[in-house]
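The primary structure of each chain is shown beneath.
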Amino acid sequence: MSKSDLCDQIYELVCQIPLDRVVTYGDLAKIVGVNPRYIGYVLHNNPAPGKVPCHRVVNSQGRLAANFAFGGGLAQQKLLESEGIVFCNSKLDLNIYRYTF
């Protein structure tokens with residue numbers, strides 16, 4: 001699979017995450033067979049942030065990306081809150097909000 005095809009597959013998966021749900025970098029990495037850091041790299045270079053909801057991808061502890069490419073962690077949190085996700089101490093509960101493919 002080419003790098004472009006892999007990126008497209010990752011973006012397609014992210015587009016399947018419903019409103020008020022999240023997945024982790026590791027969740028996506030297991031599906032496509034890459035390192036979770038590669039998922040972060042691909043999402044950071046998202047060519048269509050308004051179309052591909054990369055803000056719905058969080059770390060394995062339910063914390064936000066410190067370097068969220070589209071406005072920082074606070075912007076990511078605001079986007080998720082606008083979709084109904086509740087945070088406690090800058091963390092969301094994966095038991096409640098995690099989406100499984």
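About the criteria used
- Residues numbered from 1 in each chain as written.
- Predicted model: local features only at pLDDT ≥ 70, side-chain atom pairs only at ≥ 80, totals over all residues.
- Heavy atoms only, no water.
- Core = buried A, V, L, I, M, F, W, Y, C linked by side-chain atoms within 4.5 Å.
- Buried < 20%, exposed > 50% of the residue type's maximum accessible area, 1.4 Å probe, protein only.
- Helix = DSSP H or I, 4+ residues; strand = E, 2+ residues; numbered from the N terminus.
- Contact = heavy atoms within 4.5 Å.
- Phe/Tyr/Trp six-rings, centres within 6.5 Å; stacked < 30°, edge-to-face > 60°.
- Salt bridge = Lys/Arg side-chain N within 4 Å of Asp/Glu carboxyl O.

(A) Seen up close, the nonpolar core. The biggest cluster of nonpolar side chains holds 19 residues, and the ones touching the most others in it are Ile10, Val14, Leu28, Ile39, Leu43 and Val57. Where this core is concerned, the elements lending two or more residues are helix 1 (3-15), helix 2 (25-32) and helix 3 (36-44). In terms of residue count, the dominant contributor to this core is helix 1 (six residues). If we skip the residues at most four places from it in the chain, Ile10 touches Val32, Tyr38, Ile39, Val42 and Leu43. Val58, Ile85, Phe87 and Tyr97 belong to the second largest nonpolar core, which has nine residues in total.

(B) Focus on the packing of aromatic side chains. Counted according to the given criterion, the structure contains two aromatic pairs. With centroids separated by 5.1 Å and ring planes inclined at 80°, the aromatic side chains of Tyr99 and Phe101 adopt a geometry described as edge-to-face. Residue classification places Tyr99 among the partly exposed residues on the basis of a relative accessible area of 25%.

(C) Examining the side chain of Thr24 more closely. Note that Thr24 resides in strand 1 (residues 23-24). Overall, Thr24 belongs to the buried group, its relative accessible area being 2%. The contacts of Thr24, once residues within four sequence positions are left out, are Val57, Val58, Asn59, Ser60, Leu94 and Arg98.

(D) Inspection of the pattern of salt bridges at higher detail. A complete count under the given rule lists three salt bridges for this structure. The shortest N-O distance in the salt bridge between Arg21 and Asp20 comes to 3.6 Å. The closest approach of N and O atoms between Glu83 and Arg56, which form a salt bridge, is 2.9 Å. Within this pair, whereas Glu83 is found in the loop between helix 4 (72-82) and helix 5 (94-97), its partner Arg56 is found in the loop between helix 3 and strand 2 (57-58), the two being separated by 27 residues in sequence. Taken as a pair, Glu83 and Arg56 share a single burial class, namely buried.

Purely geometric stuff here, so don't read any function into it on its own.
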